[in-house]
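Observations on chain architecture
In case you want the letters, here they are:
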Amino acid sequence: MIKREKFWRQPGWLFCLLLPLFHFASVKLTFFCAVTPENAVVVWLPNAVLLAALLRFRGQRAPLLAALTFTSDVLANLNAFPWYEAVLLSAVNLLEVTITYQLMRRSGASPRLHRLKDLGQFILAGPVFGAMLAGLLAAAVLQQVGGATTSYLTLARVWWFGDGLGLLIYTPLLLAYTQSQHQRPKLTRWDDAALATTLLLAVAVLSAHGGEIDGVSVTPTLLLPAVAVIAFRFGVRLTTLLVALISLSTAMMMTTGLKPFGDVPIHLEVVRAQEFILTLCIIGIGFAVVLSELQTRERELESRVRERTRELEQSNSRLADISATDGLTGIANRRRFDETLAAEWSRARRNKQPLMLALLDVDLFKQYNDCYGHQSGDDALRAVANELARQMRRGSDFVARYGGEEFAVIAQSANEEDALAMAESICAAIAALNLPHATSPFNVLTASIGVALITPGEQHSIPSLIKTADVALYRAKQLGRNRVEQADVTSVA
């Protein structure tokens, strides 16, 4: 089974097989529905088949597609014209499509026709210019080769209007149903009522003879307001289908002698039918495209708003990170420390788990700055901070710059042994950095650490915990530095 996306990616063998068959069927449908007994063509659909294919595939394999539809056109016209005339008229049709496609390509119009600008460029390129040029050429062929007795301008006008309306009706329909649908309309009761009303009006119009029922005027014009409502509610797809069905039904009423526009001469009836179909296309397809463009712009605006919101959230997040980060060392600052300690304190208290707080002070740091300079002092603090961050083994472990040359560590520890082991490891790791310190008794940069471990209760407080850890740190410095001292937590209240 060929997937839809792959089928419409490029004109493969299956598409090339189906294209001439569909084109041939479109010719026969036109002869059946839209050609009056007097051989007046109301709309000519087949040219839209090749044009839609070229637009959909952006000109891929254009010579092959043109050859296939040209052959189909000649074969389908053999019953109505001699072979040489059928060849010439098919060449005129091919020229019309080629000119229309090239004009649209040069104008940069989107083949989806989902914007009013694209639809306007399509109308100018195809129904106006391409079909008019084809009408002038075809009228010459019909007179000079086919021996037609109708005036040249009349032949040109009939061909022009028929081809132009065929392109206007059929091309948007084919393009709409070969593109993916972004959003399916959600039907409401009002939508059901609109569809039912349109169906009833269509039945009434199709049942009328001579444009009236029991003396009441019932012409296809009654369907115009209903088509406008459908265009606003159901989008391009259903609207193009509805326009095509109404147009072909109107043409078929003329071919069967129902005279939908009243008892008027055939040439006037054809003109009225074409005027009606043109109005129908403008109201139906035009309104649907306008609404589609508005919806597209709304989606783009919503996308931009979401993108801007995401960028703003990222900026706010970066600002929050910056405000919580120490500018020198790159680790958390005092503000972040206070927030984290409060959160960890609440969690430990709620879960009745021990909480460790360690305060670290770089030994003899003032002397280090005096000896090596402040730049080297800053480098030393960064090195200590990096080593502290590396020593944080678990996701819940936290390190921050407490102030100056002081740092703080918060961790969930199972017991005193674990807390002291972690602090001893940090102390040894800083000494192992081997940062020279000529004025230190250890000859390298070291740190002293005070550790407090507590299971928070009602009688405990955060300020007392910090003070207790600070007392332990002071004792470590008094006892010779480069060591760990554990606090007496009985005083944390």
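Labelled according to an unreviewed UniProt entry, the protein appears under the name diguanylate cyclase, originating from Duganella margarita. The heading Subcellular location (unreviewed entry) in the UniProt record of the protein holds the text "Cell membrane". Check the Catalytic activity (unreviewed entry) section of the UniProt entry for the protein; it says "2 GTP = 3',3'-c-di-GMP + 2 diphosphate".

Secondary structure summary: the protein contains 15 helices and seven strands in total. The C-alpha radius of gyration of the protein comes to 42 Å, more than 25% above the 23 Å expected for a compact globule of 493 residues. Reported as C-alpha extents along the three principal axes, the dimensions of the protein are approximately 125 × 50 × 40 Å. Going through the 493 residues of the protein one by one, you find that 46% of them count as buried. Sequence separation of 24 or more characterises 72% of the internal contacts of the protein that already satisfy a separation of 6 or more. Side chains of the protein give 46 positive and 43 negative charges; the mean places of these two sets differ by 4 Å.

This next bit is on the UniProt feature "coiled-coil region" (unreviewed entry) in the protein. Per the UniProt entry, the sites bearing "coiled-coil region" (unreviewed entry) are residues 291-318 in this numbering. For residues 291-318, helix accounts for 100% and strand for 0%, while the C-alpha atoms at its two ends are 40 Å apart.

With that settled, the discussion passes to the packing of helix α5 (residues 83-107) against helix α6 (residues 116-144). Two numbers describe how α5 lies on α6: the axes approach to 9 Å, and their chain directions differ by 155°. As summarised for this structure, α5 and α6 are arranged roughly antiparallel, according to the angle between their axes. α6 is crossed by α5, and the crossing has right-handed handedness. Classifying every residue of the contact of α5 with α6 by side-chain character gives 17 nonpolar, five polar and two charged.

On the surface, F24, L75, L78, W83, Y84, L88 and V145 cluster together into a nonpolar patch covering about 660 Å² of accessible area. With respect to the helices, strands and loops of the structure, F24 is situated in helix α2 (residues 13-33). Of the residues examined, F24 reaches a relative accessible area of 33% and is grouped as partly exposed.

Moving on: the pairing of strand β6 (residues 447-454). Regular strands show a simple pattern: their side chains alternate between the two faces of the sheet. Here β6 lies mainly inside the structure; eight of its eight residues are buried. Here β6 shows two buried faces, one formed by A447, I449, V451 and L453 and the other by S448, G450, A452 and I454. As defined by bridge partners, strand β3 (residues 355-362) adjoins β6 across eight bridges and the pair is classed as antiparallel. Looking at β6, one finds that L357 is bridged to A452.

If you walk across this open sheet you meet the five strands as β4-β5-β3-β6-β7, and the pairing is mixed. At either end of the open sheet lies a strand with only one pairing partner, and these are β4 (398-403) and β7 (484-486). Shown here is a sheet whose adjacent strand axes are inclined to one another by a mean of 20°, direction ignored. This element, helix α11 (residues 334-351), spans β3, β4, β5 (406-412) and β6 of the sheet and lies at about 25° to β5. Packing against the sheet, helix α15 (residues 462-478) makes contact with β3, β4, β5, β6 and β7, and its axis sits at approximately 145° to β6.

What follows concerns the pattern of salt bridges. If you walk through the whole model with that rule in mind, you get 15 salt bridges. Across the salt bridge formed by D326 and R401, the nearest N and O atoms sit 3.3 Å from each other. Of this pair, D326 sits in the loop between α10 (266-323) and α11 while R401 sits in strand β4, and the two are 75 residues apart along the sequence. Pair check on accessibility: D326 and R401 agree, each one buried. Here the salt bridges do not stand alone but share partners, grouping D361, D363 and K477 into one network.

A word on the pairing of β5. Among the seven residues in β5, six count as buried, and that is most of the element. With seven bridges joining them, β3 and β5 adopt antiparallel strand pairing. Along β5, the bridge assignment pairs L360 with F407. As paired strands, β4 and β5 are joined by five bridges and run antiparallel to one another. The residue bridging F398 from the neighbouring strand is I410, located in β5.

This next bit is on the nonpolar core. If you look at the biggest cluster of nonpolar residues, it comprises 64 residues, and the most contacted ones within it are F15, V42, V43, L65, F122 and I277. Top element by residues in this core is helix α9 (residues 223-255). It accounts for 13 residues. What I277 contacts, discounting residues up to four positions off in sequence, is V42, V43, L165, I169 and S247. Residues L388, A411, V451 and V484 belong to the second largest nonpolar core, which totals 29 residues.

The next point concerns empty space enclosed by the protein. Under the counting rule described, the total for this entry stands at one cavity of 30 Å³ or more. Of the pockets and cavities examined, the largest cavity occupies roughly 70 Å³. What lines the largest cavity is simply H23, P46, N47, L50, T69, F70, D73, S90, N93, L94 and V97. At the level of elements, α3 (47-56), α4 (62-77) and α5 are the ones that each hand at least two residues to the lining of the largest cavity. Per-element tally for the lining of the largest cavity: the top contributor is α5, with four residues. When the residues that make up the lining of the largest cavity are grouped by side-chain class, the tally is five nonpolar, five polar and one charged.

Attention shifts here to the packing of helix α7 (residues 152-178) against α9. Two elements in contact, α7 and α9, have axes separated by 9 Å at closest approach and are oriented at 145°. The crossing of α7 and α9 is left-handed. Between α7 and α9, the contacting residues are I169, P172, L173, A176 and Y177 on the first element and V236, R237, L238, T240, L241, A244 and S247 on the second. Residues belonging to the contact of α7 with α9 are distributed by class as follows: nine nonpolar, two polar and one charged.

This part takes up the state of the cysteines. A covalent bond between the sulfur atoms of two cysteines is referred to as a disulfide. Applying the stated criterion across every chain, the model contains zero disulfides. Free cysteine: C33, not disulfide-bonded; nearest cysteine sulfur from C281 at 16 Å.

Rules and cut-offs
Residues numbered from 1 in each chain as written. Predicted model: local features only at pLDDT ≥ 70, side-chain atom pairs only at ≥ 80, totals over all residues. Heavy atoms only, no water. UniProt positions renumbered as here; feature names shortened; annotations may be inferred. Helix = DSSP H or I, 4+ residues; strand = E, 2+ residues; numbered from the N terminus. Rg over C-alpha atoms; globule rule 2.2 N^0.38 Å. Buried < 20%, exposed > 50% of the residue type's maximum accessible area, 1.4 Å probe, protein only. Contact = heavy atoms within 4.5 Å. Lys, Arg positive; Asp, Glu negative; His and termini not counted. Charge placed at Lys NZ, Arg CZ, Asp CG, Glu CD. Axes fitted to C-alpha atoms, helices over the stretch in contact; angles between N-to-C directions. Parallel < 35°, antiparallel > 145°, perpendicular 65-115°, else oblique. Left-handed = near helix turned anticlockwise from the far one by under 90°. Nonpolar A, V, L, I, M, F, W, Y, C, P; charged D, E, K, R; others polar. Patch = residues over 30% accessible without salt bridge, like charges linked within 9 Å, V, L, I, M, F, W, Y side chains within 5 Å. Areas by Shrake-Rupley, 256 points an atom, 1.4 Å probe, with all protein chains shown as cover. Salt bridge = Lys/Arg side-chain N within 4 Å of Asp/Glu carboxyl O. Pairing = 2+ DSSP bridges. Core = buried A, V, L, I, M, F, W, Y, C linked by side-chain atoms within 4.5 Å. 1 Å grid on protein atoms, 1.4 Å probe; cavity = no way out; pocket = protein on both sides within 12 Å on 5 of 7 lines; lining within 4 Å. Points joined across faces, edges and corners; volume = space filled by probe spheres on them. Disulfide = S-S within 2.5 Å.

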